[in-house]
Amino acid sequence: MPGDGKVRSSEETSNDRGAKGPEFKGNAGSSQSREIGVSLTTPPSVRKLQRALYAKAKANPTCRFYALYDKIYRKDVLLWAWSCCRANGGSAGVDGQSFAGIEAKGVEAWLEELAQALKEKTYRPQAVRRVLIPKPDGKQRPLGIPTIKDRVAQMAAVIVLEAVFEADLSEEQYAYRPQRSAHDAVREVHGLLNRGYTEVVDADLSSYFDTIPHHELMKSIARRVSDGAMLALIKSWLEMAVEEDDGKGNKRRTTVNKDSGRGTPQGAPISPLLANLYMRRFLLGWKQAGWDRKLQARIVNYADDFVILCRGTAEQARERMEAMMRKLKLTVNQQKTRICRVPTESFDFLGYTLGRCYRAQTGAAYIGTKPSRKRVARLCEQISQMTQRTLSWKETEELVNELNLVVKGWGNYFRLGSVSRAYRRVDGHLRNRLRRWLCHKHKVKGQGRNRFCDEYLYQELGLFRLERFSTNLPWAKA
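Residues numbered from 1 in each chain as written. Predicted model: local features only at pLDDT ≥ 70, side-chain atom pairs only at ≥ 80, totals over all residues. Heavy atoms only, no water.

Quick notes on the packing of helix α2 (residues 44-59) against helix α7 (residues 148-165)
Part 1 of the reasoning: Two numbers describe how α2 lies on α7: the axes approach to 7 Å, and their chain directions differ by 30°. The orientation of α2 with respect to α7, classified from their angle, is roughly parallel. Crossing angle aside, the handedness with which α2 passes α7 is right-handed. Judged by residue contacts, V46, L49, Q50, L53, Y54 and A57 of α2 engage I159, V160, A163 and V164 from α7.
Part 2 of the reasoning: Residues of the contact of α2 with α7, tallied by class, amount to 9 nonpolar, 1 polar and no charged. (Axes fitted to C-alpha atoms, helices over the stretch in contact; angles between N-to-C directions. Helix = DSSP H or I, 4+ residues; strand = E, 2+ residues; numbered from the N terminus. Parallel < 35°, antiparallel > 145°, perpendicular 65-115°, else oblique. Left-handed = near helix turned anticlockwise from the far one by under 90°. Contact = heavy atoms within 4.5 Å. Nonpolar A, V, L, I, M, F, W, Y, C, P; charged D, E, K, R; others polar.)

Quick look at the sheet that holds strand β8 (residues 338-341)
Two modes of strand pairing occur in sheets, parallel and antiparallel, and in both the strands are linked by backbone hydrogen bonds.
Part 1 of the reasoning: Across the sheet, which stays open at both edges, the 4 strands sit in the order β6-β7-β3-β8 with antiparallel pairing between neighbours. Each edge of the sheet is formed by a strand with only one pairing partner; in this case those strands are β6 (297-302) and β8. Strand-to-strand twist of the sheet, defined as the mean angle between neighbouring strand axes without regard to direction, takes the value 20°.
Part 2 of the reasoning: Two strands pair when backbone bridges link them, and β6 and strand β7 (residues 305-310) are joined in this way by 6 bridges, in the antiparallel orientation. Bridged to V300 within β7 is V307. (Pairing = 2+ DSSP bridges.)

Here's the deal with a positive patch on the surface
Part 1 of the reasoning: A surface patch of positive charge is lined by K370, R373, R421, R424 and R425.
Part 2 of the reasoning: Per-element accounting of the positive patch gives the leading share, 3 residues, to helix α18 (residues 420-442).
Part 3 of the reasoning: Structurally, R425 can be placed in helix α18.
Part 4 of the reasoning: For R425, a relative accessible area of 45% corresponds to the partly exposed category. (Patch = residues over 30% accessible without salt bridge, like charges linked within 9 Å, V, L, I, M, F, W, Y side chains within 5 Å. Areas by Shrake-Rupley, 256 points an atom, 1.4 Å probe, with all protein chains shown as cover. Salt bridge = Lys/Arg side-chain N within 4 Å of Asp/Glu carboxyl O. Lys, Arg positive; Asp, Glu negative; His and termini not counted. Charge placed at Lys NZ, Arg CZ, Asp CG, Glu CD. Buried < 20%, exposed > 50% of the residue type's maximum accessible area, 1.4 Å probe, protein only.)

Quick word on the packing of aromatic side chains
Any pair of aromatic rings gets described here by the distance separating the centres and the angle formed by the planes.
Part 1 of the reasoning: Counted under the stated rule, the structure contains 13 aromatic pairs.
Part 2 of the reasoning: Between the aromatic rings of Y352 and F414, the centroid separation amounts to 5.1 Å while the plane-to-plane angle is 50°, which identifies the pairing as tilted. Linking Y352 in strand β10 (residues 352-358) with F414 in the loop between α17 (396-413) and α18, this pair joins segments that are 62 residues apart in sequence. In this structure, Y352 and F414 share a single accessibility class: buried.
Part 3 of the reasoning: Taken together, the ring pairs in this structure connect Y352, W410, Y413, F414 and Y423 into an aromatic cluster.
Part 4 of the reasoning: The ring centre of Y174 lies 4.6 Å from the NZ or CZ of R180, which sits over that ring.
Part 5 of the reasoning: The ring of Y197 carries R311 above its face, with NZ or CZ at 4.2 Å from the centroid. (Phe/Tyr/Trp six-rings, centres within 6.5 Å; stacked < 30°, edge-to-face > 60°. Lys NZ or Arg CZ within 6 Å of the ring centre and 35° of its normal.)

Let's talk about the pattern of salt bridges
It is possible for side chains of opposite charge to pair when their charged atoms get near one another.
Part 1 of the reasoning: Throughout the structure, instances matching the rule amount to 21 salt bridges.
Part 2 of the reasoning: A salt bridge links K287 to E171, with the nearest nitrogen and oxygen atoms 3.6 Å apart. Within this pair, whereas K287 is found in helix α13 (residues 270-288), its partner E171 is found in the loop between α7 and α8 (182-194), the two being separated by 116 residues in sequence.
Part 3 of the reasoning: Here K287 falls in the partly exposed class, since its relative accessible area comes to 31%.
Part 4 of the reasoning: A residue is classified by how much of its surface remains accessible, and E171, at 53% relative accessible area, is exposed.

Section: the sheet that holds strand β5 (residues 251-254)
Part 1 of the reasoning: Here we have 4 strands laid out as an open sheet, ordered β2-β1-β4-β5, and mixed in their pairing. Only two strands of the sheet have a single partner each, and these edge strands are β2 (140-145) and β5. Averaged over all adjacent pairs, the angle separating strand axes in this sheet is 35°, with direction ignored.
Part 2 of the reasoning: Pairing of strand β1 (residues 128-134) with strand β4 (residues 242-245), which is carried by 2 bridges, proceeds in the parallel orientation. By the bridge assignment for β4, V128 is matched with V242.

A closer look at the nonpolar core
Part 1 of the reasoning: F282 and W286 are the most contacted members of the largest nonpolar core, which has 141 residues in total.
Part 2 of the reasoning: When residues in this core are grouped by element, the largest group, 13 residues, is from α7.
Part 3 of the reasoning: The residues contacting W286, other than those within four sequence positions of it, are W291, D292, L295, A297, I299, I308, A317, R320, M321 and M324. (Core = buried A, V, L, I, M, F, W, Y, C linked by side-chain atoms within 4.5 Å.)

Digging into the environment of Y69
Part 1 of the reasoning: Note on placement: Y69 falls in helix α3 (residues 69-72).
Part 2 of the reasoning: Counting along the chain gives 159 residues from Y69 to G228, while the straight-line C-alpha distance between them is 8.5 Å.
Part 3 of the reasoning: When sequence neighbours within four positions are dropped, the list of residues in contact with Y69 reads L118, K121, D227, A229, M230 and L233.
Part 4 of the reasoning: A polar side-chain atom of Y69 sits 2.5 Å from the main-chain carbonyl oxygen of L118. (Polar contact = N/O pair within 3.5 Å; in protein donor to acceptor, adjacent residues only side chain to side chain.)

Focus: the confidence of the model for the chain
Part 1 of the reasoning: Residues with a pLDDT of 70 or more make up 89% of the chain, whose mean pLDDT is 89.
Part 2 of the reasoning: The low-confidence segment residues 1-20, where pLDDT is below 50, has 52 contacts with residues more than four positions distant or belonging to other chains.
Part 3 of the reasoning: Considering only residues more than four positions removed or in separate chains, one finds that residues 471-478, a stretch of pLDDT under 50, has 18 contacts. (pLDDT = per-residue confidence, 0-100.)

Quick look at the side chain of D150
Part 1 of the reasoning: Its place among the elements puts D150 in helix α7.
Part 2 of the reasoning: Setting aside residues no more than four positions away along its own chain, D150 makes contact with Y123, R124, P125, Q126 and M240.

Regarding unusual backbone geometry
Part 1 of the reasoning: At the junction of V342 and P343, the peptide bond is cis and its omega measures out at 10° in the coordinates.
Part 2 of the reasoning: Topologically, P343 is positioned in the loop between β8 and β9 (347-349).
Part 3 of the reasoning: In this structure, K121 is a non-glycine residue whose phi angle is positive, near 60°.
Part 4 of the reasoning: Along the chain, the position of K121 falls in the loop between α6 (107-119) and β1.

Laid out in structure tokens, this is it:
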């Protein structure tokens, strides 16, 4: 397997054919962390452990690992787990313990205490703090925030388990995996479209993470893990209580996951790996039934998002998919699942719109990709929120730095295919909003185009400009 152990960005670590194996980096627990990458280097001893586990799992597909639990409280594994969690950041859980607070008292002693609790099997996960995050459609998405102690323990388990299960995951799966990214998934979809798979089942599952059945999921894990202590630990995380504010300042705890026997702890480091393991059941069943051959239907999956690309068989593929999901006790969202015929229609996948595009120079049509309107609109709305008049007390340099971070991060992800039009829209909105903010801050009447011209914004203030960041980046061949 690749050997330097360095955690790079997803685009630097594309999964080249012929590589010896994946370079593990610890599950970041969020797709964004996976895409951006974290500048950390896996300790050699941890890398050696992961390689050994992966090699054994890859060489023997029926091997069950009976001694894994003792690996998660190894000093080097826990320290690496702490480093991964620290790099991801995040707020405190229900115990109020923060990263800064732990560091002030001493990380080494804190990790030793956690290691001892795991070793003596006195460790018990605490409740997950639930907060509601606004969604673009006006609804709210629940996000779970485990305690840092639970995050580190889960990350340690992921470091060990990821190496085992990476040998089994399907090639169609791109999320939360070493050397794979959302960009790779979009490229694969684009390549299939250009190879004639132009009938697309744009599928959507209702609350996938919240509805994964525990019994079936544990069977998937036990197929590879016979270590009773490890299985019990995973089950305890699946059944973690949830604490939320009732809106009146009171805390309320529920045990919905335990009572219903469903759901993974969203926001927890272990959740992405478990979600991948259960989705593997569908992907493996699809191939075993021969639908990929019989229907000429290829699946590309990223977490709970997936599309089925077909050659004239989309209706049958949708029927088969829905029947399989019923057996897996998952629910297909009928309102959002649809059949799209490219290039007369287009569809969105992982923030990109795939369908008919036109070349700027010749006007010739081709099947391509571009940032979706929703994602462009969402970024513009975020810029508007960051440049409200009520925030004119901020220092100009501070605001520009904040805006630059947001826009650079967006541009780093949305840099595939035809991006010029989206970049121009964002740049124009960014200039307009910053000028209005500066006018209010400095009591300048009008639109401020003379006082705060483009040269001032870009050269004096250092505002980031997407149009100069990249223009119509060429597609890598799928």
